[in-house]
Amino acid sequence: MSAVPDRISLTGLAARGFHGVFERERREGQEFLADIHLEVDAGKAAATDDLADTVDYGALAGRAVEIIGGEPADLIETVAERLADAALSFRGVRAVDVELHKPQAPIPHAFRDVSVRIRREQPGPQEAAGTPRIGQNGGGAPGSAAAAPGPGGTTAAGRTDAAPLEAIIALGANLGDPHAALQAAVDALRLHPHIDVTAVSGVYRTAPVGGVPDQPDFLNAAAAVRTVLSPHELLAALLGIEAMAGRRREVHHGPRLLDLDLIAAGGIRIDDDRLTLPHPRARERAFVLVPWADIDAGATLPDPHGRPRPITELAAAAPDRPGLRADGTRLVLD
Ligand SMILES: Nc1ncnc2c1ncn2[C@@H]1O[C@H](COP(=O)(O)OP(=O)(O)OP(=O)(O)O)[C@@H](O)[C@H]1O
Ligand SMILES: Nc1nc2c(c(=O)[nH]1)N=C(CO)CN2
């Protein structure tokens, strides 16, 4: 490599995160901005003009948004380290420089910005051979299938349970070009290095349920995925994809460019301040249940007493069932 390395720079990447020492920061979140500079050899990609020979900056941005929106940490140092670790896991990245800004930090004085800047390099040959780096996935390329568990049974995303999770994701959109938004979401899921999309449903046109009056009809669909991510990490990935689609979360149940809900994940039950599984309103929503039944007609959801109920029965009884019809279009998984 020449003295001045080739660089791919992604700067001013903004995402909402819940990092900080104070309870209010954890509860309300705030904006974080990341500047990420990758040192690569751009020569091969320039010669072939092929995205496969370089780092897809869209995939990098998606992963960074997930990390910023993901598991809360006390310190920006910790989040910057996670960003650097993720950047180094993209094939061809020799070193990375990450600056993470927290311009809304709770500092009781006028200030413009506070940030941490770190530089990390790929481990040298000796370290690579004998000393696994915590949290690194060993270089899975963007677009590759779910990562194999890394050293010691942990995955890049930190899940120690090696069995992949099977999950159902509900997709909805009713602004802009909803079909294109659903397809883009499926494409983004497929591009994720730790998510495998195994099936997609048909597309349904559905009357809006709740929220502001006179909003356009929705297009809804469902996707089945297999992933080594934990449910919280999968949710963070979904929020990252929504954010990339330009979704703003101002109006509850309001119109949206893209809504991705995690409906069920391998029978796991969770109820904390960030995630409830199974999704608490899925059982009364035909716009979720009918697409899901396309993928897995035998699936069940627990009733309020914990007894399994077939989703086909729940769908037939759902109040929004009459407002739902097949759109006649398809989502492709090619
Ligand atoms: N199973 C889940 N899937 C998606 N988001 C969830 C889930 N459980 C809890 N949440 C939380 O809900 C928030 C999403 O709210 P959002 O604005 O998408 O709600 P909504 O789509 O308007 O309403 P609904 O949740 O009724 O579909 C997320 O930030 C997430 O932390
Ligand atoms: N028909 C329909 N209505 C909704 C939808 C949706 O996806 N489809 N999503 C909502 C919030 O997630 C609220 N209402």
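Everything numeric here is computed off the predicted structure, so don't read it as measured data.

S.K.: Where do I start with the site of ligand 2 in this structure?
M.R.: Near ligand 2, the surroundings consist of 12 residues, among which Thr206, Ala207, Val209, Asn220 and Asp259 are the closest. Note that a nitrogen atom of ligand 2 is positioned 2.7 Å from one of the backbone N or O atoms of Ala207. Within the side chain of Asp259, an N or O atom sits 2.6 Å from an oxygen atom of ligand 2. Burial of ligand 2 by the surrounding chains reaches 97%, relative to a free accessible area of 340 Å². Taken together, the elements giving at least two residues each to the shell around ligand 2 come down to strand S8 (218-227) and strand S9 (259-265).

S.K.: Quick question: what am I supposed to make of empty space enclosed by the protein here?
M.R.: To find the voids left in a structure, one rolls a probe of water-molecule size over its atoms. Scanning the model with the defined rule gives 1 cavity of 30 Å³ or more in all. In this model, the largest cavity occupies a volume close to 50 Å³. Gly69, Gly70, Glu71, His232, Leu235, Ala236, Leu239 and Arg274 together form the lining of the largest cavity. For the lining of the largest cavity, the element with the highest residue contribution is helix H7 (residues 231-244), accounting for 4 residues.

S.K.: Hey, could you run me through the nonpolar core in this one?
M.R.: Looking at soluble globular proteins, one finds that nonpolar side chains tend to be buried together. Ile36, Leu38, Leu83, Val96 and Leu100 are the most contacted members of the largest nonpolar core, which has 33 residues in total. Of all the secondary-structure elements, those providing two or more residues to this core are strand S1 (6-17), strand S2 (30-40), helix H3 (57-69), helix H4 (76-88), strand S3 (95-101) and strand S4 (115-121). Of the residues forming this core, the biggest block, 8 residues, is contributed by H4. Apart from residues no more than four positions distant in its own chain, Ile36 is found in contact with Ile8, Ser9, Leu10, Leu60, Ala64, Ala87, Val96 and Asp97. The next biggest cluster of nonpolar side chains, apart from the first, holds 31 residues, and it includes Leu165, Ile169, Ala185 and Leu277.

Procedures and definitions
Residues numbered from 1 in each chain as written. Chains lettered and ligands numbered in written order. Predicted model: local features only at pLDDT ≥ 70, side-chain atom pairs only at ≥ 80, totals over all residues. Heavy atoms only, no water. Near = heavy atom within 4 Å. Polar contact = N/O pair within 3.5 Å; in protein donor to acceptor, adjacent residues only side chain to side chain. Areas by Shrake-Rupley, 256 points an atom, 1.4 Å probe, with all protein chains shown as cover. Helix = DSSP H or I, 4+ residues; strand = E, 2+ residues; numbered from the N terminus. 1 Å grid on protein atoms, 1.4 Å probe; cavity = no way out; pocket = protein on both sides within 12 Å on 5 of 7 lines; lining within 4 Å. Points joined across faces, edges and corners; volume = space filled by probe spheres on them. Core = buried A, V, L, I, M, F, W, Y, C linked by side-chain atoms within 4.5 Å. Buried < 20%, exposed > 50% of the residue type's maximum accessible area, 1.4 Å probe, protein only. Contact = heavy atoms within 4.5 Å.

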